[in-house]
Amino acid sequence: MSQEKKAFSEDRYSSLDLVPDMVCVCGDDGRHEYFNRVWREYGAADFASSRWMEWVLPADQRQFDPAMREAMLAGGAFEADLRILHPVDGARWFLLRVCPLPDGLDGGRRWLLSLTDIHARKRRELALLRDSRLQREMLDISVDCIKLVRPDGTLARMNRAGCVALNVGEDSGFGMDWLHLLPREAHQAGRQALLKAKQGENARFLGISQLPGQDPRHWDNMLTPLKNADEDVEAILCVSRDVTVQRASERRIALLLHELAHRSKNMLAVVQALVRRTVPDPQAPFVAILGQRIAAIARNQELLINGQWSGITIEKLLASQTAVIGDVNQKRLLLHGVGGLRLLPETAERLGLAIFELTTNAIKYGALSNDTGTVAIDWAVLERNDGDRFRLVWQESGGPRVKAPVRQGFGTAVIERNPRAVIGAAVTYRYEPEGVSWAFEAPKSRVLDEKASAAAAPAAAVETGAAPLL
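Model, not experiment: these values are computed from the prediction.

**Structural notes on the overall build of the chain**
Stage number 1. Along its length, the chain carries 14 helices and 18 strands.
Stage number 2. Residues classed as buried in the chain amount to 41% of the 470 residues present.
Stage number 3. Across the chain, every contact between residues at least 6 apart in sequence was considered, and the portion connecting residues at least 24 apart equals 54%.
Stage number 4. When the accessible area of the chain is evaluated, it comes to approximately 26,900 Å², of which 53% is carbon and sulfur surface.

And the structure:
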């Protein structure tokens, strides 16, 4: 064929030397007509020949060669990522593009092949894929159900444990409404938690799932909003932890506490009966006093057990141990303090018995023995440089003139010495002429359940008419 009839001359091909990628032109017969400068300068001398595919890694060649030949037979374009060996740099990633050129004057079809170096980009992609795979494997190893939920409530992703728990195929593609996978009983709490998370707040709710033929499983669902740079919630991470064993343990503990409370009350009743039958005179005054003290212990214990031995609030403690006053306590028992402060169990026991003894003495000899006396009880947390302290004060007034007893008995030990067993505590107990004064002070951390008290805040102050003494 004459030079004039060629569709693409050597002069036209030489312009390909300006292209930064490796480029060559070949015909349908596999003959390569031109390799540009970048191609000629890559690797060994025979790379710029029809044998260039021998430099492609065999694994990649087996994958792309049949597909490329099929595309070329159909006259279509083709793309593929492949690795080509380099004498110095080793295997590097390239993007191979094959594009048909317009038919030449001779009617033959030619192809433009280009190789673009994508080694750096490909390594980043592979690193991301590897990290993503490792993350998926880590999530699949977890026994917790981990889900990625879109703001509209549809499921974007879920690990293997979640798929098993909710009976969803791992290859389902997801996209379904997450809450509809949960039992109907959990929908309301789930919707509230989801709404809170969509507003950018952490949320939590309890749920139950049950697969056919299996026992129900209890789940603690924790929702965390995932925000972008503009603080908009893009997705919600939900981690559901199986707390079935924990819930079963809680039920067993509750049953045991109930049984303990029942048996303790029976035991105290037996002790009272034994006292009455053992002493020569069951009507003796000390028998009644002993019975009242046993009843005070029983009330203390019942309060703590009903609270699952997690302590009780000061208001409940005072109400239980001053109940013997009867109807006058609203008028003559004046309370002032922060509401919702929860006492530690061991402190509640010691303070409860002291308050009961003070109440009993006030009824017999003090401010509650007449029709005009009052008792003011104040409590507060005092800020100190060496640490916050809790203070509780009992002050009587308006009763008969007070004199110190000739001897100190068991009641004094309960009122004064027993509360001092709290680490760091100080107790003052005075028989002042205008009325008995008693004050207990100790480090806040030794008296209050700070977490439970904080959870109850902000609570209204308890106020029944007394001016604060603190």
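**A closer look at the side chain of T359**
Stage number 1. When you line up the elements, T359 lands in helix α11 (residues 345-364).
Stage number 2. Those residues within four positions of T359 in sequence are excluded, and the remaining contacts are Q321, T322, V324, I325 and W394.

**Let's talk about the pattern of salt bridges**
Stage number 1. What the rule picks out here adds up to 21 salt bridges.
Stage number 2. In this structure, the salt-bridge partner of R121 is E125, at a minimum N-O distance of 2.6 Å. Highlighted residues: R121 and E125, both in helix α4 (residues 119-141), separated by 4 residues, approximately one helical turn.
Stage number 3. A residue is classified by how much of its surface remains accessible, and E125, at 29% relative accessible area, is partly exposed.
Stage number 4. For D220, the salt bridge is made with R204, and the minimal N-O distance between the two is 2.5 Å. A residue pair is termed long-range when its members are at least 10 positions apart, and D220 in strand β9 (residues 217-227) and R204 in strand β8 (residues 203-209) qualify at 16 residues.
Stage number 5. Within the structure, one salt-bridge network assembled from shared partners comprises R384, R389, R391 and E441.

**Section: the nonpolar core**
Stage number 1. Counting 35 residues, the largest nonpolar core has I377, W379, W438 and F440 as the members making the most contacts within it.
Stage number 2. Counting only elements with at least two residues in this core, the list comes to α9 (314-321), β12 (333-338), α11, β14 (374-382), β15 (389-397), β16 (426-432) and β17 (435-443).
Stage number 3. The dominant element in this core, judged by the number of residues it contributes, is α11, at 6 residues.
Stage number 4. W438 has contacts with L351, A354, I355, L358, L392, V393, W394, I415, P419, V427, T428 and Y429, leaving out every residue within four places of it along the chain.
Stage number 5. Counting 25 residues, the second largest nonpolar core, distinct from the first, contains Y42, F94, L113 and L115.

**Focus: the pairing of β15**
Stage number 1. Across the 9 residues of β15, 7 count as buried, placing the element largely inside the fold.
Stage number 2. Note: β14 against β15, 9 bridges, orientation antiparallel. Note on β15: the bridge partner recorded for V381 is F390.
Stage number 3. Hairpin remark: β14 followed by β15, antiparallel, with 6 residues in the connecting loop; positive phi at G387, about 125°.

**So, unusual backbone geometry**
Stage number 1. Notably, N167 is not glycine yet its phi reads approximately 60°, a positive angle.
Stage number 2. Phi is positive for E231, close to 70°, though the residue is something other than glycine.
Stage number 3. On the accessibility criterion, E231 (53% relative accessible area) is exposed.

**A word on the confidence of the model for the chain**
Stage number 1. Chain-level statistics for the chain give a pLDDT mean of 80 and a share of 76% at 70 or above.
Stage number 2. Across residues 1-9, where pLDDT falls below 50, the model places 14 contacts with residues more than four positions away in sequence or in other chains.
Stage number 3. The model gives residues 455-459 a pLDDT under 50, and that stretch makes 3 contacts with residues more than four places away or in other chains.

**A word on the pairing of β9**
Stage number 1. Here β8 runs beside β9; their pairing, made up of 7 bridges, is antiparallel. By the bridge assignment, F205 is partnered in β9 with N221.
Stage number 2. The pairing of β9 with strand β10 (residues 233-242) spans 9 bridges and is antiparallel. Of the residues in β10, the one forming a bridge with W219 is D242.
Stage number 3. Counting the residues between successive antiparallel strands, the hairpin from β9 to β10 contains 5 residues, one of them, E231, with a positive phi of roughly 70°.

**Concerning the packing of aromatic side chains**
Stage number 1. With the rule as written, the count across this model stands at 9 aromatic pairs.
Stage number 2. Consider the rings of Y42 and F47, whose centres lie 5.2 Å apart with planes at 55°: the pair is tilted.
Stage number 3. Accessibility expressed as a relative area gives 10% for Y42, which makes it buried.
Stage number 4. Judged by its relative accessible area of 0%, F47 is buried.
Stage number 5. Put simply, the rings of F35, W39, Y42, F47, W52, W55 and F94 pair up and form one aromatic cluster.
Stage number 6. Lying over the aromatic face of W93, K122 brings its terminal NZ or CZ to 4.9 Å of the ring centre.

**Looking at α9**
Stage number 1. Turning to α9, its buried residues are I314, L317, L318, S320 and Q321. Summarising the axial view, the buried residues of α9 lie within an arc of 165°, below the 170-degree limit, and thus occupy one face.

**Side note on the side chain of T154**
Stage number 1. Structurally, T154 is set in the loop between β6 (145-149) and β7 (155-158).
Stage number 2. Residue T154 is classed as buried on the basis of its relative accessible area, which comes to 16%.
Stage number 3. A polar side-chain atom of T154 sits 2.7 Å from a polar atom in the side chain of D152.
Stage number 4. Excluding anything up to four places from it in sequence, T154 contacts L148, V149, G175, M176, D177 and W178.

Cut-offs and rules
- Residues numbered from 1 in each chain as written.
- Predicted model: local features only at pLDDT ≥ 70, side-chain atom pairs only at ≥ 80, totals over all residues.
- Heavy atoms only, no water.
- Helix = DSSP H or I, 4+ residues; strand = E, 2+ residues; numbered from the N terminus.
- Buried < 20%, exposed > 50% of the residue type's maximum accessible area, 1.4 Å probe, protein only.
- Contact = heavy atoms within 4.5 Å.
- Areas by Shrake-Rupley, 256 points an atom, 1.4 Å probe, with all protein chains shown as cover.
- Salt bridge = Lys/Arg side-chain N within 4 Å of Asp/Glu carboxyl O.
- Core = buried A, V, L, I, M, F, W, Y, C linked by side-chain atoms within 4.5 Å.
- Pairing = 2+ DSSP bridges.
- pLDDT = per-residue confidence, 0-100.
- Phe/Tyr/Trp six-rings, centres within 6.5 Å; stacked < 30°, edge-to-face > 60°.
- Lys NZ or Arg CZ within 6 Å of the ring centre and 35° of its normal.
- Arc of directions from axis to C-beta.
- Polar contact = N/O pair within 3.5 Å; in protein donor to acceptor, adjacent residues only side chain to side chain.

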